[in-house]
Amino acid sequence: MVVSLLFRRTLLAGALCFGLTVAAQPAKRPLKFEDLQRMKDVRDPEVSPDGKSIAYVVSQIDVKADKSNSHIWMVDSDGSNDRQVTFSQDSESGPKWSPDGKFLSFTSGRPGPAKGSQVWVMARQGGEAYQLTDIKGRLQGYEWSPDAKKLAVIVGDPDPDGEPAGPGAPPKTPKPIVIDRYKFKQDVQGYLLSGRHSYLYLFDVATKKLERVTTQTKWDEGAPSWSPDGTRIAFLSNRNPDPDRDPVSQLFVVEARAGATEKQVAAQAGRGRSGVEWSPDGKLLAFTEPDEKKWGAYNMDHLLVVAADGSSAPRRLKALEAMDRSVNTPRFSADGKSIDVLMTDDMSVYPVRAKVDGSSAERLMAKPVVISGPSSAGGTTAVLTGGDTKATEIHVLSGGALRQVTHQNDALMAELDLGGTEEVKAISKDGTEVHSLLTYPVGYVKGTKVPLLLRIHGGPNGQDQHQFSAERQFFAAHGYAVLAVNYRGSAGRGQKYSRTIAADWGHYEVDDLIASVNQVIKMGVADPDKLGVGGWSYGGILTDYIIATDTRFKAATSGAGTAFTVSFYGTDQYIIQYDYEIGPPWTAKGWDAYVKLSYPFLHADRIKTPTLFLGGERDFNVPIQGSQQMYQALRSLGIDTQLIIYPNEFHGISRPSYRKDMMERYLAWYDKYILGKTAPTPAPKAEPAPASGAQTAGGKDSQASAVDLVGGALTVLHRAHNAARGAVGVADGLPLGFAILAHLDRAFERITLQ
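What you see is a predicted model, and the numbers here were worked out from it, not measured in a lab.

Asks: Sorry if this is basic, but what is going on with the pattern of salt bridges here?
Replies: Two side chains bearing opposite charge may form a pair once their charged atoms approach each other closely. Counted by the stated rule, this structure contains 34 salt bridges. One salt bridge in this structure joins R499 and D291, with 3.6 Å as the shortest N-O distance. Here the residue R499 occupies a position in helix 6 (residues 495-499), and D291 occupies one in the loop between strand 20 (284-289) and strand 21 (302-307), the gap between them amounting to 208 residues. D291 shares its class with R499; the two are buried. Linking D504 and K596 is a salt bridge whose minimum nitrogen-to-oxygen distance equals 3.3 Å. Taken together, the residues span a long stretch of sequence, with D504 in the loop between helix 6 and helix 7 (508-522) and K596 in helix 10 (residues 588-597) at a distance of 92 residues. What you see here is one network of salt bridges that share partners, running through R29, D35, R38 and E415.

Given below as structure tokens:
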């Protein structure tokens, strides 16, 4: 009897312990859309001068307010004492330490003595922040002087018509928009007007006096960088006769005083993601230089060094050049003998250390890894990194090893059952090897065939990489395998790989995409009867090319794409690329190229895939007309299609409710046409709608069809017209290239922008 009672008590205790264990470690679950709203975007680490603290930004969606809010946090470099330090109702960003380490500054548009974005300062120990600057123009950037007594600030001229009407006054009637520039549109900025520029100023912290450093009045200035002794400032400015036609800056150095005369020390600098870096002794400057004009859309940034006094010509570092990869964010070592850069390389981004004399360069980390946002001070280097199944957090990098110091998303990630990701290699039609990332559906059983979504990145000069992708995991949670292909034109595979598609869009990229899909089918993972495709920006453009080429895809989603390329000449922000990569349409060669590149529209009768088209109403990067044209073509042809326009949105859809709507529509569309599900798509929102903005496309040799006769007839008429008036030649200028924008912003997926 005693033994029996003891046995029962033991069983009960074991059961209780087991129950507690289960409660402490709940079963993981697939990702839901609501989880995306819970995710925190960690960015902008800034190490304190003594290396003991790291300030950073955390952005999260406020579902009720339907917007994202950003606030400043601070963590000790050993990972302890992580806390939020700003709490206003307005967002804060861009934390910077004063060089003496006493203050933390940031920018915010919160209410204060002066309106608009201003620099705010708070004591390192915390407490209430106060507004430091009272700048009347547009604050575009700032840097502390080494003695913490001044700021170098970039201020844009105020809009003379931007002041609101006074209390009780009737609304001002907008003035006509007068355009006289070659490049006159830019997404978010809107129309680009003449006569407004951005200049370098000095702001005295004690007196709050603001003085203009330079005296030129015709050009824009930016990216200020103080010399170590605080006597000089390096900055970038485009002083070309027509900056719109040749948008590459020059590098200047100027004395840090009002009314000084600047000296040019490099003829080409900037246009990439990097600024200017001084060597510790103040004798050298490191910066990145873009490729020549012809290859602007497929640019690789190259590291250069130059004497700060301009006594010698800039030079590229031979060992880095031999690695044939784009680099950014140069930082001199403490002894000034080497420079660390971040290198984009085949689905990874990692630090590389190069000798200043160019004799050698070594990788500091093994792949796969994606590093961004490095900040170094006081012997501490902080970076941003994550992984295929790990959200991006701040880590301290030391000796090639990473130590995580923030844990903003750890609790959420611990709840989720995520799809595994692996690299896939395929051989394209011409023998080129193509690399991709394949994310398996959650709970995938090896050997089973599953629906496959080909999701195409934008750019084209970007890359899918080993970084947490909320989109891929969202689809994986709903039973889809997701393939992300770094087709030709992508970054990370060298100069030739990127440049292959110049003026030949939709040809080699489509070959690479189809070869990669076929490889996943061959692996026994993808069900060949359950294929879907989609993308945003250049990914939307390539989606149009894919469905006009391959009818196997059961469903497609094309966001912010183009298909009738010539119709975008002068309506988007890529005039430089049109003129100098393709050629003006009034030349015979240019016209032929436009007809060739427009095959998704001119051969829309080949498309059989039900397609969902989407875009932002105010997109100047890739205007909504591209989606409208393809929607109308498929609607006219009787193909199932739908057009979604997001009111008042630009190229990147930013309103959280719209992003939710977009993801739900994606899933419903794929489920309906690939899986045969009949779940209703989200109801459209009843909101007003303004308009416009643009990006460009790719092309492939058109095959014979009835539409060829139309294209041929247009060509004949065009050439007859040219013969009568004389063909116009191609002028000298520089293509800007495609913006690398993702269809979800950083609240969903941190993507390296170019």
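Picking up after the structure, the text goes on.
Asks: How should I be thinking about the sheet that holds strand 1 (residues 41-47) in this particular structure?
Replies: Neighbouring strands of a sheet are bound in pairs by backbone hydrogen bonds; such pairs are parallel or else antiparallel. As summarised here, the arrangement of the four strands in space is 1-2-3-4, forming an open sheet in which the pairing is antiparallel. This sheet does not close on itself; its edge strands, each paired only once, are strand 1 and strand 4 (83-84). By the bridge criterion, 10 bridges tie strand 2 (residues 53-62) to strand 3 (residues 67-76) in an arrangement that is antiparallel. Of the residues in strand 3, the one forming a bridge with Q60 is N69.

Asks: What is the right way to look at the environment of Y480 in this model?
Replies: With respect to the secondary-structure elements, Y480 resides in the loop between helix 5 (470-476) and strand 34 (481-486). Residues Y480 and P451, 29 residues apart in the sequence, show an inter-C-alpha distance of 5.2 Å. Other than its neighbours up to four places away in sequence, Y480 contacts T439, Y440, P441, P451, L453, F475, L667, Y670, D671, I674 and L675. Only 3.5 Å separates the side chain of Y480 from the backbone oxygen of Y670, close enough to count as a polar contact. A polar contact is formed between the side chain of Y480 and the side chain of D671, at a distance of 2.7 Å.

Asks: Before we go on, may I ask you to explain the pairing of strand 34 in this structure?
Replies: In the case of a regular strand, side chains alternate between the two sheet surfaces. Across the six residues of strand 34, six count as buried, placing the element largely inside the fold. Burial along strand 34 is two-sided: the residues A481, L483 and V485 and V482, A484 and N486 are all buried. Sheet topology places strand 32 (residues 433-439) next to strand 34; five bridges connect them, and they run antiparallel. Bridging across to strand 34, H435 finds its partner in N486. Examined bridge by bridge, strand 33 (residues 450-456) and strand 34 share three bridges and lie parallel to one another. Each bridged residue has a counterpart across the sheet, and for L453 the counterpart in strand 34 is V482. On the question of chirality, the crossover connecting strand 33 to the parallel strand 34 by way of helix 5 is right-handed.

Asks: Please clarify how helix 9 (residues 575-582) should be interpreted in this entry.
Replies: Residues three or four positions apart in an α-helix share a direction because the helix packs 3.6 residues into each turn. Burial runs high along helix 9: eight of the eight residues are buried. Regarding helix 9, the residues found buried are I575, I576, Q577, Y578, D579, Y580, E581 and I582. The inward-facing, buried residues of helix 9 contact helix 10. Positive phi shows up at G583, right after helix 9, with a value of about 110°.

Asks: What am I meant to see in the environment of S326 here?
Replies: You can see S326 is positioned in the loop between helix 3 (318-321) and strand 23 (327-332). A C-alpha to C-alpha distance of 9.4 Å links S326 and R493, two positions 167 residues apart in sequence. In this structure the side chain of S326 is engaged in a polar contact, spanning 3.0 Å, whose partner is the backbone nitrogen of D301.

Asks: Can you walk me through the packing of aromatic side chains in this structure?
Replies: Here a ring pair, both rings aromatic, is described through the centre-centre distance and the interplanar angle of the planes. Going through the model one piece at a time under the given rule, you end up with 16 aromatic pairs. On the basis of an interplanar angle of 65° and a centroid distance of 5.8 Å, the ring pair of F474 and F475 is categorised as edge-to-face. Here F474 matches F475 in class, with each residue buried. Centroid distance W669 to Y673: 4.8 Å. Interplanar angle 50°. Geometry classified as tilted. Here W669 and its partner Y673 are both found in helix 13 (residues 656-675), four residues apart, which amounts to about one turn of the helix. This pair shows no difference in class: W669 is buried, exactly as Y673 is. Through pairs of rings, three or more aromatic residues link up here, namely F33, F474, F475, Y480 and Y670. Directly above the ring of F252 sits R239, whose terminal nitrogen or CZ lies 4.5 Å from the centroid.

Asks: Mind showing me how you'd approach the sheet that holds strand 17 (residues 249-255) here?
Replies: As summarised here, the arrangement of the four strands in space is 15-16-17-18, forming an open sheet in which the pairing is antiparallel. If you trace the sheet from one side to the other, it starts and ends with strand 15 (221-226) and strand 18 (263-269), each paired once. Neighbouring strand axes in the sheet, compared pairwise and without regard to direction, differ in orientation by 25° on average.

Asks: Explain the nonpolar core here, please?
Replies: Among the nonpolar cores identified, the biggest contains 57 residues, and L438, L452 and L454 are the most heavily contacted of them. Dropping the residues within four chain positions of it, L452 is found in contact with L438, A481, V482, L483, V517, V520, A526, K530, L531 and G532.

The rules behind these values
Residues numbered from 1 in each chain as written. Predicted model: local features only at pLDDT ≥ 70, side-chain atom pairs only at ≥ 80, totals over all residues. Heavy atoms only, no water. Salt bridge = Lys/Arg side-chain N within 4 Å of Asp/Glu carboxyl O. Helix = DSSP H or I, 4+ residues; strand = E, 2+ residues; numbered from the N terminus. Buried < 20%, exposed > 50% of the residue type's maximum accessible area, 1.4 Å probe, protein only. Pairing = 2+ DSSP bridges. Contact = heavy atoms within 4.5 Å. Polar contact = N/O pair within 3.5 Å; in protein donor to acceptor, adjacent residues only side chain to side chain. Right-handed = clockwise from strand over helix to strand, strands pointing away. Phe/Tyr/Trp six-rings, centres within 6.5 Å; stacked < 30°, edge-to-face > 60°. Lys NZ or Arg CZ within 6 Å of the ring centre and 35° of its normal. Axes fitted to C-alpha atoms, helices over the stretch in contact; angles between N-to-C directions. Core = buried A, V, L, I, M, F, W, Y, C linked by side-chain atoms within 4.5 Å.

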